[in-house]
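The chain contents come next:
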Amino acid sequence: MKLKDRVAIVTGGASGIGKAISERFAREGAGVVICDVDLKSAQEISDRLKEKDVNSKAFEVDVSDSSQVERVVNNIVEEFKRIDILVNNAGISKDSLLIRTDPSDWDRIIAVNLKGAFNFIKSTARVMMRQKYGRILNITSVVGIMGNAGQSSYAASKAGLVGLTKSTAKELASRGITVNAVAPGYIRTPMTENLSQAVKEGYLSSIPLGKTGTPQQVANLVLFLASEEADYITGQVIQIDGGLLM
């Protein structure tokens, strides 16, 4: 029970990596708050966790809307009395070559993937600072480190998360709050299932371990960074990619 009595927020927690993180945290004793634009799916997961005696709640929230985020965080504090862990996992993508990218698509991807993390960090950091304890985990991507043709907007948003992670880690360290980023590679999720077979084979041929990762493997890494065992790790970007980016 590595997270016994801790309260964790997972954005984008209704599917893929976010869902795996929510379930992993619950098994380790945390109260889990699932924040997602898909309230129905988030509520279904929350209800399943409650059946296992997990203190859980689902909230519908557009992470890019600062007023929505502030309201949800206030509701969480009122109900759970504290916030110990924040996982900024919510993200979207719409692949396109740069010259074909619609500016509105660029704006939306940056708003969800990067501004969304900023909104939640800003709202929860005040709570964590009063507690003098907190764990913030930002789910970035190896694409944000190495770049990728056809993913300029997604890569830019994920690269921004790296800078946000390192800057906030320096700002919050004196208050007992660690901030780290996890950079998954090719992970089997609903998002990556939409890739063409040619793209999938291209990724696999570049992975030394020769296989894709799973959301559960990412969740295991996030769990470690959220636990007491990682209390001397902050400002780091840790890749989980089978050796794709060495």
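Look up: the structure comes first, before these words.
Residues numbered from 1 in each chain as written. Predicted model: local features only at pLDDT ≥ 70, side-chain atom pairs only at ≥ 80, totals over all residues. Heavy atoms only, no water.

Caption draft 1: Looking closely at helix 2 (residues 39–51). With 13 residues, helix 2 extends 18 Å between its outermost C-alpha atoms, agreeing within 8% with the 18 Å of an ideal straight helix rising 1.5 Å per residue. Count one or two residues on from helix 2 and you reach Asp53, which has phi positive near 65°. (Helix = DSSP H or I, 4+ residues; strand = E, 2+ residues; numbered from the N terminus. Expected span 1.5 Å × (residues − 1).)

Caption draft 2: Spotlight on the nonpolar core. If you look at the biggest cluster of nonpolar residues, it comprises 32 residues, and the most contacted ones within it are Ile21, Phe25, Ile85, Val87, Val182 and Val222. Put simply, the parts of the chain that give this core at least two residues each are strand 1 (7–11), helix 1 (16–27), strand 2 (31–36), helix 2, strand 4 (85–88), strand 5 (134–139) and helix 9 (215–226). When residues of this core are assigned to their parent elements, the largest contribution, 7 residues, is made by helix 9. (Core = buried A, V, L, I, M, F, W, Y, C linked by side-chain atoms within 4.5 Å. Buried < 20%, exposed > 50% of the residue type's maximum accessible area, 1.4 Å probe, protein only.)

Caption draft 3: Quick look at the pattern of salt bridges. Applying the stated criterion across every chain yields a total of 11 salt bridges. Between Glu229 and Lys2 there is a salt bridge, with its nearest N and O atoms 3.5 Å apart. Taken together, the positions of Glu229 in the loop between helix 9 and strand 7 (237–240) and Lys2 in the segment before strand 1 put the pair 227 residues apart, joining distant regions of the chain. When the shortest N-O distance is used, the salt bridge between Glu28 and Arg24 registers 3.0 Å. (Salt bridge = Lys/Arg side-chain N within 4 Å of Asp/Glu carboxyl O.)

Caption draft 4: Representation of the environment of Asp231 in the model. In this structure, Asp231 sits in the loop between helix 9 and strand 7. Taking the C-alpha atoms as reference points, Asp231 and Gly91, 140 residues apart in sequence, are found 27 Å from one another. Beyond its immediate sequence surroundings of up to four residues, Asp231 is in contact with Arg135 and Thr178. (Contact = heavy atoms within 4.5 Å.)

Caption draft 5: Here's a closer look at a nonpolar patch on the surface. Taken together, the side chains of Leu97, Leu98, Ile99 and Trp106 define a hydrophobic patch exposed on the protein surface, amounting to about 450 Å² of accessible area. With respect to the helices and strands, the residue Trp106 is situated in helix 4 (residues 103–131). Judged by its relative accessible area of 33%, Trp106 is partly exposed. (Patch = residues over 30% accessible without salt bridge, like charges linked within 9 Å, V, L, I, M, F, W, Y side chains within 5 Å. Areas by Shrake-Rupley, 256 points an atom, 1.4 Å probe, with all protein chains shown as cover.)

Caption draft 6: Representation of unusual backbone geometry within the structure. Even without glycine at this site, Lys81 takes up a positive phi of about 75°. In this structure Lys81 comes out as exposed when scored by relative accessible area, which is 65%.

Caption draft 7: Representation of the sheet that holds strand 4. Here we have 7 strands laid out as an open sheet, ordered 3-2-1-4-5-6-7, and parallel in their pairing. Sheet topology places strand 3 (56–60) and strand 7 at the edges, where each strand pairs with a single neighbour. Going across the sheet, the axis of each strand differs from the next one's by a mean of 15°, ignoring polarity. Sheet topology note: the strand 4/strand 5 ladder contains 4 bridges and is parallel. When the sheet's bridge partners are listed, Leu86 is paired in strand 5 with Ile136. Packed on one face of the sheet, helix 1 meets strand 1, strand 2, strand 4, strand 5 and strand 6 (177–184) and runs near 170° to strand 1. In the packing of helix 3 (residues 66–80) onto the sheet, contacts are made with strand 1, strand 2 and strand 3, and the angle to strand 3 comes to roughly 160°. (Pairing = 2+ DSSP bridges. Axes fitted to C-alpha atoms, helices over the stretch in contact; angles between N-to-C directions.)

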